[in-house]
Amino acid sequence: MKREDRRFIGIVACIVCALTAALAIAGCSSGSGSSSTTTAASSASADTSSYTTVESGKLIVASDLAYPPLESVPDGGGDPVGFDVDLMNALAGKLGLTCEYLPAQKFDSIVPTIKQGGKADVGCSSFTITDERKEEIDFTDSYMDSNQGLVTKSDATATTVDALNVAGKQIAVQSGTTGEEWAQENLPNATVVPLDDAIQAMTGVQTGLYDACVADLPVMKYLCNNSYTDLKVSIEIPTGEQYGIVVSKDNPGLTAALNTALQELKDDGTIDSLEEKWFGSTM
Amino acid sequence: MRACGRALIVALTCTLLALGITFVAAPISAQAMTCDKATARPNEDGGSGVIGGETTRLTWEGTVESGEDVTKVTLTIPDDGTFDGSTTRVTVLDGLTRMSVEAETKTSGNTLEVDFSQAIPEGSLVRLEVTNMCFPVEGGDYAISGTYESQAGTSALPDSPSISVIANTPLQRAVTWLDGQSWVQAWNSNQFLGMFFKPQLLLTSFVSLFGGWLVCLVIVIVAYPIAILLGLAFAFMKMAKHKVVRAIAVTYINILRGTPLFLQIYIMFFGLPMVGVNIDNNVLGVIVMAVNSSAYLAEIFRAGIQSIPTGQYEAAASLGMNGAQTMVSIILPQTVRRVIPTVTSDFITSYKDTSLLSSVGVMELMMFSKNLTTVSGNITPYMAAAIYYLIVTLPLIKVVGIVERRMARSESGGGPRPKAKGSATPAADPSTPAMASVHCEATEDDGVHGVIGALTAPFRSASSVTPRHDEMGGVPDAL
Amino acid sequence: MRSRNKHVAMVETPDALPADAAAAAAFEHDHVLSRHHFTPGEHPVVRIEHLNKAFDETQVLKDVNLDIWGGEVVVVLGPSGSGKSTMLRCINLLEKPTAGHILINDVEITGTAKTDVNKLREKLGMVFQSFNLFPHLTAKENVMIGQMKVLKKGKAEAEAEAIRQLDAVGLADRADFKPAQLSGGQQQRVAIARAVAMHPDVLLFDEPTSALDPELVRGVLDVMRDLAENGGMTMVVVTHEMGFARDVADRVVFMEDGVVVEQGLPENVFDHPVNERTAAFIGNIADA
C-alpha cells in the first residue's frame, strides 16, 4: 500500500513538473511571439501602406533553393540563382531594400516560418496560390503561371494515370506541394512518398526507387532537359496554377508594397525579360 | 454492417443512375461541354479517404467542345452536401496556357453557380477548385451533375466520374466533439499548447500513426536478431588469430561505425536500384538497420567477451574443457549478462534510428507524422510520434536500470540467498553485506527514483562492460 | 613464436629418459627425501626434466627437475617470484614450457597437439589462488559442468557426484548458492570439490589460501589435509602455510630464482636447512 502511494505521488510529481515546464515554454514562446508581431501589427494597423521587415533595410527571403530554374544553389555553392531569385532582387530594388536569402529551408516549413514571423519577411519558392494556404498567410498577386508535370524514366512503361494508379506504384513528390495534393487526389491507389525536395524525388525516379514523381511542370521540364536526361515528362497536367509570394497576414503593408512593385515590373517588361532569360520564352 | 450495406445500395443506385443518364442523354443531344474529371482532396486526418460532412476541396474539370461557347456552369451535388461557405478558384486553360477569365460564383446549398464574365471559347479546359465544400455525411459514391449555359440555352452536364466518400468515422466524430469543447478551445488558444499538444490532432495522430509505429517495430524486431548474429560473428572474427579475418572484421566494423547511418541508408536505397538490385523498401530497411547495428554489437560483444577474466578460461581449461565448450558454457553466458544493458541501449538506439528511413520513403512513424504535420501545419503529430517512441523506449530504459542493479547486486554478492538446506549457519562473512550496500544504492523501487533511474540508465550502462573486481569470482575477502 | 625459438636455441636440453631408467633414477634421488612409501618398481606420476620457462627476456624457470609420486603430497615453498607458480602452471600447460620435458604417467605432454592437451588436463586438477569459480553457475553446477562437458556424464550422475564432493568439503547445504553468495573460504572449498569431482591423477594447488581472510584459511586447509590423509590424493601445493607443510607434506621443495634450491623431508628442511637461502627464507617466515 505504502509503495503504491509513493508511486502515485511520484507520477503526480512528474506530471506537475512536465506541466510547469510546458507552461514555462509556452509563456516564453507566446511572449516572444507577441512582441515580434506587435511591432509589425501596430505599424500595419496604423497605416497599411507602411510595413516592417525583420531587419531594417533588408528583405529576407525563405526558399527551398532546390527547384531550378526558379530557385537553386549553383553547383559548387554560392549565391542562389533562378527566376524567383532575380525577381526578388528586382522587387527588393523597387522597395529600396537589400534582398537576402536564408539558407535552404524545407519547403513545407516555409509557410509556418512566415506565419510565425521573426525569421524571414517573405517566402518565395514557387508557391502556388491556393485557398488553403491563404487561410494561413497572405499571397501577393501572381507573378507567373504554372502547371504540373509527371516524370518517369524515358523507357518506363507505366506512364499514364491509369497505369500508375495501381497499388504498389510509388510516386515521389515534394512534401507540402500542389504536386503532392495532385498525386493524392488523382493516384489514390498508388503510394505517395513525400520527400524534402524535388531533386531527391527525381534522383529516386532515376535510380528506380520510385515509379514517377510529380512537381511543377517548368521545373520538371528543365530538370529532364538538363540534369536528368534519362527521364521524361510523361504527363503534362494542366492546372493553370499561379505563383505568388508568401507574406505574413500581420504585414499587409508589405503585401501591398510588393504588389505595387510587381505591377511596375510587369509594366516595364522586367518580368518578360526574366522569363526570356530563364525559360527561353515568355510564359 | 448496416452502414456498409447502405453504402453498397447507394453505390449501386448511383452507378445505375449514371449508366441510365449516359444512355438516355448521349443520343439525344451532342454534348457541348464534357466533364473530364472530378476529384476531392482527402480530408481524413492522417488517412487518404474523403469523409462526408467534413470540409474538403472539390476539383472539377470540364472541356468546352467544338461549336459552342459556355457562359455559365452550375454544379450540383446530392442533397445533403453543401457548397455553402466554400470559395471557388476558377481556372480556364487553353492547353497549358492560362487564360484570363473573370468569374462570379454563387453558392446555394448543394448547387454552385459559376458565371463567366466572357464566353469560354471551344476547346478550353475549365477547372473549378471548390475549397471548403462538404459531401453528404452518409458517404457513398457521388457524381457531380449540373447544367451549363451557352448560346443554345441551358443543357445538362454529363455526370462526373463518381467520387467515393466515406461516412463520418467515430474518430472524426470524436474530433468534431473535441472541436466544440470550450476547454479544448481554451487549451488551443495558448500558442504553445495549441501548436504542440492540440487534442484533436493528438487523437487523430495516434490513430493514423499506429501503422507507422508497427512498421518501426517490425523493422527493428526483425533486424535485431540478424544484427545479433552478425555482430557475434564479427566479434569473433575481430578476435580471430588469422590476420586477414581480423582485418575484414576491423574494416567492416570501422566503416559502419565511422559513417552516419543516414549515409548508409542513402547508399543502400539509391545505390542498389542503380545496379539493378530491387528490394522491397521495408526489407531493405531491415537490412540496413541490421548491418548498421551489427557493427556496434560486434564491438559490444567483443568488449564483453574480453572483459571476462582470464581466470575463467584457465579454470575451464583446467577442467579439460576445449575452446568451444569454454566459449559456449562459460564465457558467453557471462558475457550475455554483462552486455544486456548495453545491448538494450543499442536496441533503443536502433529503434529510434528507424526514423531515418523516412528520408527514403519507408512508411514508418516519422514519415506519417511528417505528412500529418505538413497537412496540418501543426507540431502535434510529432509529439504523438514522440509518445509512440517513448512507449517502447521508456520501459526498456527501465529494464536496463533493473538489470544493471541486479547485476551490481549479484556481482557484489548481495543478492538474495536461497534457503540453506539443513541447519547450516548463514554464511558468516561480514564483508558481504557491506559490499552489497555499496553497490545497490537504488534498490528502493519508488516512482520518482525509478523514473530518474530509467532516464539515466543508458548513460550508466557502459560500466557494465568494464571488468569489475570479480576476478576473484565474487567477494574479495582478502582486501 | 620467434622469441620462443630463440630461447629453445639458448637452452640445451637432453631428450627425456626412458621410463624405467628415469623411474630408477628418480627413486634413487627421492627415496630419502620423501615420507612417501615407495613400492618396488614404482614409476613417478609426474616427471619434470630440465624444465625451462622464459617470459620474453626473463628466465623464470632454469632447468627444474622434479618427480611426483602417486599419493605423495609435495609442498613447494619459496619467495614470490621464485617461479613456483609458473612451474605448477607448466605441469598442466597453462604456461607453455620453453624447453624441457614434462611426463604424466610416463607420457610426454610437452609438444603435444592442442586437442590432446584438453584430454591431459582432465587428469590434472587445479585449484587457483583466486578460486575462479564460474559466477553464473551455482556451487553444484560449478562442480557438475566439467563432469558433464568433459567426462560426458549424465546430469543425474554428475549431480550426485557434485553433492558428494560438496558434502566432503562441508558445503552440501550451499549447493544452490551462486559463488557471489559464498564467502571466499567457501568458494575455495567449492573450487576444490570441482577439481576433485574430475577424479584427477594429480591435484595442483596454486597458493589456495593466499586470497583468503586469515579466519577462513583454516577451513580450506582442513579440506586439503583431509584429501591428503584420507583421500590419498597426489598433491602439489604451492603455499606459504608452513604449518600445513610441516604436518601434511611428504616432501618440501624450496625454490628460488627459478631453481630448486633444496628439497627433503619437512622436518629436515624446516629444522636443518642445508642451503643458507632456505634457512633465511624459513627464518623470515617464522619471524613474520
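Right above here is the structure, for reference.
### Examining the overall build of chain A
The number of helices and strands found in chain A is 10 helices and 11 strands. Taking all 283 residues of chain A together, the buried fraction comes to 50%. Considering only contacts in chain A between residues 6 or more positions apart, those separated by 24 or more positions represent 71%. As displayed, chain A has an accessible area near 11700 Å², and 54% of this comes from carbon and sulfur atoms.

### Regarding the side chain of A:Glu71
All names here are of chain A. As for its placement among the helices and strands, Glu71 is situated in strand E3 (residues 71–72). An unpaired buried charge is present at Glu71: no salt bridge exists, and Arg133, the closest side chain of opposite charge, is 11 Å distant. At 2.6 Å, the side chain of Glu71 forms a polar contact with the side chain of Ser126. Excluding residues that lie within four positions of it along the chain, Glu71 makes contacts with Ser63, Asp64, Leu65, Ala66, Val81, Gly82, Asp84, Val85, Cys124, Ser125 and Ser126.

### Regarding the pattern of salt bridges
Counted under the stated rule, the structure contains 42 salt bridges over all chains. Here B:Arg57 and A:Glu181 are joined by a salt bridge, their closest N and O atoms 2.9 Å apart. Highlighted residues: B:Arg57 in strand E2 (residues 55–64) and A:Glu181 in helix H6 (residues 178–186), drawn from two different chains. Grouping residues by exposure puts B:Arg57 and A:Glu181 together as buried. As a salt-bridge pair, C:Glu122 and C:Lys119 come within 3.0 Å of each other at their nearest N and O atoms. Of this pair, C:Glu122 and C:Lys119 both sit in helix H4 (residues 114–122), three residues apart, roughly one helical turn. Exposure remark for C:Lys119: the relative accessible area of 54% places this residue in the exposed category. A cluster of three or more residues bridged by salt bridges with shared partners is formed by A:Glu132, A:Glu181, A:Glu185, B:Lys37, B:Arg41, B:Arg57, B:Glu61, B:Arg127 and B:Glu129.

### Quick notes on the packing of aromatic side chains
Following the criterion strictly, the structure yields 18 aromatic pairs over all chains and no others. Between A:Phe83 and A:Tyr143, the aromatic rings sit 6.2 Å apart at their centres with planes inclined by 20°, giving stacked as the arrangement. Of this pair, A:Phe83 sits in helix H2 (residues 83–95) while A:Tyr143 sits in the loop between strand E6 (138–139) and strand E7 (144–153), placing them 60 residues apart in sequence. Here A:Tyr143 falls in the buried class, since its relative accessible area comes to 3%. Among the aromatic residues, those joined into a ring-pair cluster are A:Phe83, A:Tyr143, A:Tyr243 and A:Phe279. One Lys or Arg, C:Arg194, reaches over the ring of C:Phe134 and ends 4.6 Å from the middle of that ring.

### Here we look at the interface of chain A and chain B
Interface size, as often reported, equals the accessible area lost upon joining of the parts. At the junction of the two partners, chain A supplies 48 residues and chain B supplies 44 residues. Broken down residue by residue, the surface that chain A buries against chain B is led by A:Asp131, A:Glu185 and A:Thr207, which jointly contribute 16%. Along the contact surface separating chain A from chain B lie seven salt bridges. The interface formed by chain A and chain B contains 18 residue pairs in polar contact (both at pLDDT 80 or more). If you list the elements that add at least two residues to the side of chain A that touches chain B, you get helix H1 (2–46), helix H3 (107–116), helix H4 (131–136), E7, H6, strand E9 (191–195), helix H7 (198–207) and strand E11 (231–247) of chain A. The dominant element in the side of chain A that touches chain B, judged by the number of residues it contributes, is H1(A), at 10 residues.

### A word on the pairing of E9(A)
All names here are of chain A. Most of E9 is tucked away, with four of its five residues classed as buried. Across five bridges, strand E8 (residues 170–174) lies against E9 in parallel orientation. Each bridged residue has a counterpart across the sheet, and for Gln174 the counterpart in E9 is Leu195. Crossover connection from E8 via H6 to parallel E9: handedness right-handed.

### A few points about the nonpolar core
In a soluble, globular protein the nonpolar side chains are often hidden away together inside. Counting 87 residues, the largest nonpolar core has A:Met88, A:Leu91, A:Val122, A:Tyr143, A:Met202, A:Met220 and B:Phe269 as its most contacted members. Here the element with the most residues in this core is helix H5 (residues 199–238) of chain B; it accounts for 11 residues. When residues no more than four places from it in sequence are discounted, the contact partners of A:Met220 are A:Gly149, A:Val151, A:Ala198, A:Met202, A:Cys213, A:Ala215 and A:Val233. In this structure, C:Leu77, C:Ala228, C:Met242 and C:Ile282 belong to the second largest nonpolar core, which totals 51 residues.

### Quick look at the packing of helix H6 (residues 243–258) of chain B against helix H8 (residues 281–306) of chain B
Residue and element names in this part refer to chain B. With their axes 9 Å apart at the nearest point, H6 and H8 run at an angle of 115° to one another. Seen along the crossing, H6 lies across H8 with a hand that is left-handed. Two secondary-structure elements touch here, H6 through Tyr252, Ile253, Leu256 and Arg257 and H8 through Val291, Asn292, Ser294, Ala295, Tyr296, Ala298 and Glu299. When its residues are assigned to classes, the contact of H6 with H8 shows seven nonpolar, two polar and two charged.

### Comments concerning the sheet that holds strand E5 (residues 97–99) of chain B
Strands sit in the order E1-E2-E8-E4-E5 (chain B) across an open sheet of five strands; the sheet is antiparallel. The outermost strands of the open sheet, each flanked by one partner alone, are strand E1 (33–40) and E5 of chain B. Put simply, the sheet's adjacent strands are angled 30° from each other on average, direction ignored. The strands touched by H6(A) within the sheet are E1 and E2 of chain B, with E1(B) carrying the most contacts at an inclination of about 100°.

### Considerations on the pairing of strand E1 (residues 58–62) of chain A
All names here are of chain A. Taken across its five residues, E1 has four buried, putting it largely inside the fold. As paired strands, E1 and strand E4 (residues 98–101) are joined by four bridges and run parallel to one another. In the strand pairing of E4, Leu59 is matched with Cys99. Note: E1 against strand E5 (residues 122–128), two bridges, orientation parallel.

### A look at the packing of helix H2 (residues 170–180) of chain B against H5(B)
Residue and element names in this part refer to chain B. As a packed pair, H2 and H5 sit with axes 9 Å apart at the nearest point and diverge in direction by 165°. When the axis of H2 is compared with that of H5, the two are roughly antiparallel. Two packed elements cross with a definite hand, and for H2 against H5 that hand is right-handed. Where H2 approaches H5, its residues Leu171, Ala174, Val175, Leu178 and Asp179 are matched on the opposing element by Pro199, Gln200, Leu203, Thr204 and Val207. When the residues that make up the contact of H2 with H5 are grouped by side-chain class, the tally is seven nonpolar, two polar and one charged.

### Comments concerning helix H10 (residues 323–353) of chain B
Counting along an α-helix, one turn takes 3.6 residues, and residues three or four places apart therefore face a common direction. Residue and element names in this part refer to chain B. For H10, built from 31 residues, the straight-helix expectation of 45 Å at 1.5 Å per residue is missed by more than 12%, its first-to-last C-alpha distance being only 37 Å. Helix geometry: H10 is bent most strongly at Val339, by close to 50°, with proline Pro341 lying one to four residues after it. N-capping of H10 is provided by Asn322, with a side-chain oxygen placed 3.2 Å from the backbone N of Ala324.

### What to know about a nonpolar patch on the surface
All names here are of chain B. Taken together, the side chains of Met274, Val275, Val277, Ile279, Val283 and Ile287 make up a nonpolar region of the molecular surface, amounting to roughly 490 Å² of accessible area. Structurally, Val275 can be placed in the loop between helix H7 (261–274) and H8. In this structure Val275 comes out as exposed when scored by relative accessible area, which is 63%.

### Let's talk about unusual backbone geometry
Cis geometry is adopted by the peptide bond preceding A:Pro69, which originates at A:Pro68 and carries an omega value of 5°. Of note, A:Pro69 is situated in the loop between strand E2 (66–67) and E3. At C:Leu93, a residue that is not glycine, the phi angle is positive and equals roughly 60°. Its location among the elements puts C:Leu93 in the loop between helix H3 (84–91) and strand E4 (99–104).

Cut-offs used in this document
Residues numbered from 1 in each chain as written. Chains lettered and ligands numbered in written order. Predicted model: local features only at pLDDT ≥ 70, side-chain atom pairs only at ≥ 80, totals over all residues. Heavy atoms only, no water. Helix = DSSP H or I, 4+ residues; strand = E, 2+ residues; numbered from the N terminus. Buried < 20%, exposed > 50% of the residue type's maximum accessible area, 1.4 Å probe, protein only. Contact = heavy atoms within 4.5 Å. Areas by Shrake-Rupley, 256 points an atom, 1.4 Å probe, with all protein chains shown as cover. Lys, Arg positive; Asp, Glu negative; His and termini not counted. Salt bridge = Lys/Arg side-chain N within 4 Å of Asp/Glu carboxyl O. Polar contact = N/O pair within 3.5 Å; in protein donor to acceptor, adjacent residues only side chain to side chain. Phe/Tyr/Trp six-rings, centres within 6.5 Å; stacked < 30°, edge-to-face > 60°. Lys NZ or Arg CZ within 6 Å of the ring centre and 35° of its normal. Buried area = accessible area lost by both parts, 1.4 Å probe. Pairing = 2+ DSSP bridges. Right-handed = clockwise from strand over helix to strand, strands pointing away. Core = buried A, V, L, I, M, F, W, Y, C linked by side-chain atoms within 4.5 Å. Axes fitted to C-alpha atoms, helices over the stretch in contact; angles between N-to-C directions. Left-handed = near helix turned anticlockwise from the far one by under 90°. Nonpolar A, V, L, I, M, F, W, Y, C, P; charged D, E, K, R; others polar. Parallel < 35°, antiparallel > 145°, perpendicular 65-115°, else oblique. Expected span 1.5 Å × (residues − 1). Bend = angle between axes of the 7 residues up to and from the residue. Patch = residues over 30% accessible without salt bridge, like charges linked within 9 Å, V, L, I, M, F, W, Y side chains within 5 Å.

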